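# Structural description and commentary
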Amino acid sequence: MLKISNLNAYYGDVQVLYDVNLEVNDREIVTILGSNGAGKTTLMKTICGVETTRSGTIEFDGENLMKVPAHKLVTKGITLTPEGRHLFPELTVKENLLLGAYSSKDKKATKDTYDWVISLFPRLKERLIQYAGTMSGGEQQMCAIGRVLMSNPKFLMLDEPSLGLAPNIVDSVFDVIKKINEEKGITIIVVEQNANIALQTADRGYVLENGSINMSGNAKEMLESPDIQKLYLGL
Amino acid sequence: MAVIIQNLINGIISGSYYAVLGVGLTVTWGVLKMINVAHGNFYMMGAYMFYTFSIIMGFPVIPSMIAGVAAVFVLGMIMEKFVLAPSLGRGKFGDTPFILTLAMGILLENVAQLVWGETNVGVPYFNDSIIKVMGITMASQRLIVAAVAMVTLIVVLVIIKRTKFGWAISATAQNTFAASLMGINTKQIYMVTFGIATALCAIAGSLLAPIYGINPWMGESIQLKSFVVCIVGGLGSVGGSIVAGLLLGIIESFATQFLGSGWQNVIAYALVIVMFWFRPAGIFGKME
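These lines cover the structure that appears in this document, whether it is placed above or below. Just so it is clear, the model here is predicted, and its values are computed rather than measured.

### Describing the sheet that holds strand E1 (residues 2-11) of chain A
All names here are of chain A. Read across the open sheet, the four strands follow the order E2-E1-E4-E5; overall the sheet is antiparallel. The two strands at the open ends of the sheet, each matched to only one other strand, are strand E2 (14-24) and strand E5 (63-64). The pairing of E1 with strand E4 (residues 54-60) spans six bridges and is antiparallel. Along E4, the bridge assignment pairs Lys 3 with Glu 59. Taken strand by strand, helix H1 (residues 40-47) contacts E1, E2 and E4, and its axis lies near 110 degrees from that of E1.

### Here we look at the sheet that holds strand E10 (residues 212-218) of chain A
Residues and elements named next belong to chain A. If you trace the six strands from one edge of the open sheet to the other, you get E6-E7-E8-E3-E9-E10, paired in mixed fashion. At either margin of the open sheet sits one strand with a lone partner, and together these are strand E6 (78-81) and E10. Sheet twist, expressed as the average angle between the axes of neighbouring strands with direction ignored, equals 15 degrees. Here E6 pairs with strand E7 (residues 155-159) via four bridges, running parallel. Paired with Thr 79 across the two strands is Leu 156, which belongs to E7. Of the strands in this sheet, E6 and E7 are in contact with helix H5 (residues 137-149), which crosses E6 at around 170 degrees.

### Overview of the side chain of Arg147(A)
All names here are of chain A. As for its position among the elements, Arg 147 is in helix H5. No salt bridge is formed by the buried Arg 147; its nearest oppositely charged neighbour, Glu 95, is found at 11 Å. Side chain to side chain, Arg 147 and Asn 96 meet in a polar contact 3.5 Å long.

### As for the nonpolar core
If you look at the biggest cluster of nonpolar residues, it comprises 106 residues, and the most contacted ones within it are Leu43(A) and Phe42(B). When residues in this core are grouped by element, the largest group, 13 residues, is from helix H8 (residues 186-212) of chain B. In this structure, Leu33(A), Tyr114(A), Ile118(A) and Leu124(A) belong to the second largest nonpolar core, which totals 47 residues.

### Concerning the packing of aromatic side chains
The geometry of an aromatic ring pair is captured by the separation of the ring centres together with the interplanar angle, meaning the angle of the planes. Enumeration according to the criterion identifies eight aromatic pairs over all chains in this entry. Taking 5.9 Å as the distance between ring centres and 85 degrees as the angle between the ring planes, the aromatic pair formed by Phe42(B) and Phe194(B) counts as edge-to-face. Here Phe194(B) lies in helix H8 and Phe42(B) lies in helix H2 (residues 39-56), a separation of 152 residues in the sequence. Taken as a pair, Phe42(B) and Phe194(B) share a single burial class, namely buried. Its end group placed over the ring of Phe88(A), Arg147(A) keeps NZ or CZ at 4.8 Å from the ring centre.

### A word on unusual backbone geometry
Negative phi characterises most residues that are not glycine, and trans characterises most peptide bonds. Located in the positive-phi region is Arg27(A), a residue other than glycine, with phi close to 65 degrees. With respect to the helices and strands, Arg27(A) occurs in the loop between E2 and strand E3 (29-33). A positive phi is found at Lys33(B), a non-glycine position, where the angle reads about 55 degrees. Inspection of the secondary structure assignment puts Lys33(B) in the loop between helix H1 (2-32) and H2. Here Lys33(B) falls in the partly exposed class, since its relative accessible area comes to 46%.

### Some points on helix H6 (residues 167-184) of chain A
Residue and element names in this part refer to chain A. Taking 1.5 Å of rise per residue, 18 residues should cover 26 Å, and H6 covers 26 Å from first to last C-alpha, within 8% of that figure. Of all the residues in H6, the buried ones are Val 170, Val 173, Phe 174, Val 176, Ile 177, Ile 180 and Asn 181. Take H6 and look down its axis: the buried residues cluster within an arc of 150 degrees, on one side only. Residues of H6 that are exposed and point over 90 degrees away from its buried face: Asn 168, Asp 175 and Glu 182. As for H6, its buried residues are in contact with E3, helix H3 (107-120), H5, E7, strand E8 (187-192) and helix H7 (195-201). Gly 185, located one to two residues past H6, shows a positive phi value of around 65 degrees.

### Side note on H1(B)
Residues and elements named next belong to chain B. For H1, with 31 residues, the first-to-last C-alpha span of 44 Å sits near the 45 Å given by 1.5 Å per residue. A large share of H1 lies buried, amounting to 22 of its 31 residues. Looking one or two residues past H1, Lys 33 carries a phi angle of roughly 55 degrees, positive in sign.

### Examining the state of the cysteines
Tallied over the entire structure, the rule returns zero disulfides over all chains. In this structure Cys48(A) is a free cysteine whose sulfur lies 19 Å from that of Cys143(A), the closest cysteine sulfur available. Left unpaired, Cys201(B) is separated from the closest cysteine sulfur, that of Cys230(B), by 10 Å. On the accessibility criterion, Cys201(B) (0% relative accessible area) is buried.

Calculation criteria
- Residues numbered from 1 in each chain as written.
- Chains lettered and ligands numbered in written order.
- Predicted model: local features only at pLDDT ≥ 70, side-chain atom pairs only at ≥ 80, totals over all residues.
- Heavy atoms only, no water.
- Pairing = 2+ DSSP bridges.
- Helix = DSSP H or I, 4+ residues; strand = E, 2+ residues; numbered from the N terminus.
- Contact = heavy atoms within 4.5 Å.
- Axes fitted to C-alpha atoms, helices over the stretch in contact; angles between N-to-C directions.
- Buried < 20%, exposed > 50% of the residue type's maximum accessible area, 1.4 Å probe, protein only.
- Lys, Arg positive; Asp, Glu negative; His and termini not counted.
- Salt bridge = Lys/Arg side-chain N within 4 Å of Asp/Glu carboxyl O.
- Polar contact = N/O pair within 3.5 Å; in protein donor to acceptor, adjacent residues only side chain to side chain.
- Core = buried A, V, L, I, M, F, W, Y, C linked by side-chain atoms within 4.5 Å.
- Phe/Tyr/Trp six-rings, centres within 6.5 Å; stacked < 30°, edge-to-face > 60°.
- Lys NZ or Arg CZ within 6 Å of the ring centre and 35° of its normal.
- Expected span 1.5 Å × (residues − 1).
- Arc of directions from axis to C-beta.
- Disulfide = S-S within 2.5 Å.

Just distances and angles here, no functional claims.
The structure is reproduced here in structure tokens:
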């Protein structure tokens, strides 16, 4: 579904990503691990065209995305929940959700998706007319995931969904990730610092270090790998 | 008693167009994150466009106004697209957009001098009857100003609060990055927002042209008034600008009545200074 070859990305004169090669298959959950500053967030932003100083190729269903502006990706089924959630704090939860379907012309489909999103996150139902900025971190994360789901994506990128959340909330966020993958067949990339839960949820994993991929493989096997255990699982 | 009511009504009437002008400036600030010092010049352009369509070309009042406002709306979008957009949202350009609006203002003022001449021109009142009710006298023109201004404000509020397009404007103002992830073309939102802001100026300009006359420098005092309204209301707050506009109109009206018209501007700027002392973020602004 997504094929990245020899991707380089820069912040000004500083190179952040070096020859990244990465592939995500249909209906897979892939996790990208790596420490702070490894370039994970840059990779996400580069894929969705927000960071545009880049070279290499990004192919989605055979189509080259390098020339597609960020706001057009939603209509191709590609979405990102950015690190730190980036909700619209002074719009209500309902307005945030509906903006997720901004590019959708099909009102009936939007209504159905809206009902499904609310059923995924019953908690949001109580908060619909509240300003998004006034909710707890966990609720905001749910709203952020609900918001991208509103566009009926084929491919979803989640950047640090567990950031700043209590452990039991993290579990429920990952349950939802599993559920949307199974129920709707949405292909997912999860960028995570919490390697343990990410590898348990994902099918495959990549490790990004200093801007390049230095390990990849089956998630179950990576959980067992001594290197991963030492570096990312703290065992 | 009649004097107080008379002043109150006068204040609400001038306050209503202060509010329209303030809303335009505050929306520009909220979305494009820049101060537009050419705001008053678009007000001037609105007045001249109205003059061109109604006097020079001879159309009736309502079509002239619609055509004039539409022309300024398009002019504003063109100006945004070709003058401001290249430097907006690029950190290293810093205050460039601000300086560019300064240049834009000078350009518009000089174009107006070349095209329409360096003299005052006028347009007749839309309706020159006088209304007298219980000792209160009011020119119909001023009531028309207030009515159109109020309708304009309601339309703007409804668009911003109740339509998907309005949410997209708010979303872009609150988080441009996330807005683009939603599929919102934020560059287009910048352009249309600037167009709407300039169209609001044009509405005020054509409504007031019969009362104050038209000349190439008429935008300068309006620019300052719009700033006052924006700052008192809280930069970026549409509701704040409406309240502050009405407040400024009413305060000015009473100041003129009781202290003399020379004090009108003194009071307006004193209001800003007092605001800075007690609530620097404005009435509806957020304290940070």
